[in-house]
Amino acid sequence: MDVVDLRDEAAELPDAWSSLLLGRVGGAEVKVLRMDGRPMVPESHDTAEALLVMDGVLRLTVHGGEVEVRAGEMYLVEAGVEHAVRPGSRGTLVIVEHGSAAG
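Caption draft 1: Structural context of the pattern of salt bridges. Applying the stated criterion to the full structure yields nine salt bridges. A salt bridge links Asp55 to Arg7; the nearest nitrogen and oxygen atoms lie 3.9 Å apart. Taken together, the positions of Asp55 in strand β3 (residues 49-62) and Arg7 in helix α1 (residues 6-11) put the pair 48 residues apart, joining distant regions of the chain. Accessibility expressed as a relative area gives 46% for Arg7, which makes it partly exposed. Linked by salt bridges that have partners in common, Arg59, Glu66, Glu68, Arg70 and Arg86 make up one network.

Caption draft 2: Quick look at the pairing of strand β1 (residues 20-25). Where β1 and strand β2 (residues 28-36) come together, five bridges link them in antiparallel fashion. Pairing of Val25 across the sheet is with Ala28, part of β2.

Caption draft 3: Representation of the nonpolar core within the structure. Within the largest apolar cluster, 16 residues are counted, with the highest numbers of intra-cluster contacts made by Trp17, Leu33, Met35, Leu51, Leu58, Leu60 and Leu93. Sorting the residues of this core by element identifies β2, β3, β4 (65-70) and β7 (90-98) as the ones contributing at least two each. Sorting elements by how many residues they give to this core places β3 first, with five residues. The residues contacting Leu60, other than those within four sequence positions of it, are Leu51, Gly65, Glu66, Val67, Tyr75, Ala84, Val85 and Arg86.

Caption draft 4: Expanded view of the environment of Leu21. Its location among the elements puts Leu21 in strand β1. With 73 residues separating them along the chain, Leu21 and Val94 place their C-alpha atoms 9.9 Å apart. Beyond its immediate sequence surroundings of up to four residues, Leu21 is in contact with Glu29, Val30 and Lys31.

Caption draft 5: Geometry of the side chain of Lys31. Here Lys31 is to be found in strand β2. A distance of 3.4 Å separates the side chain of Lys31 from the side chain of Glu29, its partner in a polar contact. When sequence neighbours within four positions are dropped, the list of residues in contact with Lys31 reads Ser19, Leu20, Leu21, Leu22, Leu93, Val94, Ile95 and Glu97.

Rules used in this analysis
- Residues numbered from 1 in each chain as written.
- Predicted model: local features only at pLDDT ≥ 70, side-chain atom pairs only at ≥ 80, totals over all residues.
- Heavy atoms only, no water.
- Salt bridge = Lys/Arg side-chain N within 4 Å of Asp/Glu carboxyl O.
- Helix = DSSP H or I, 4+ residues; strand = E, 2+ residues; numbered from the N terminus.
- Buried < 20%, exposed > 50% of the residue type's maximum accessible area, 1.4 Å probe, protein only.
- Pairing = 2+ DSSP bridges.
- Core = buried A, V, L, I, M, F, W, Y, C linked by side-chain atoms within 4.5 Å.
- Contact = heavy atoms within 4.5 Å.
- Polar contact = N/O pair within 3.5 Å; in protein donor to acceptor, adjacent residues only side chain to side chain.

Put into structure tokens, the structure is as follows:
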């Protein structure tokens, strides 16, 4: 794979909030997904994850507070921190996280 148009890759996904693995860097996986405005249930992970908004906005609830991540911004969710996507999150999101099958 050469140059990847992240917005095109996300737009071609059949389902919103279903990520596509673009590649691995060391022990990390780089994924892209399309946000469609629907909220998502709270979750937490054993490792940290970086959430990079390519276009649109990601609205989160973290530590009981509200966080907005806009196009061109990144939010780092520390390991073990519960976070939930709030309604109105739309656009293209890149996730960088430790991969279970990375290598």
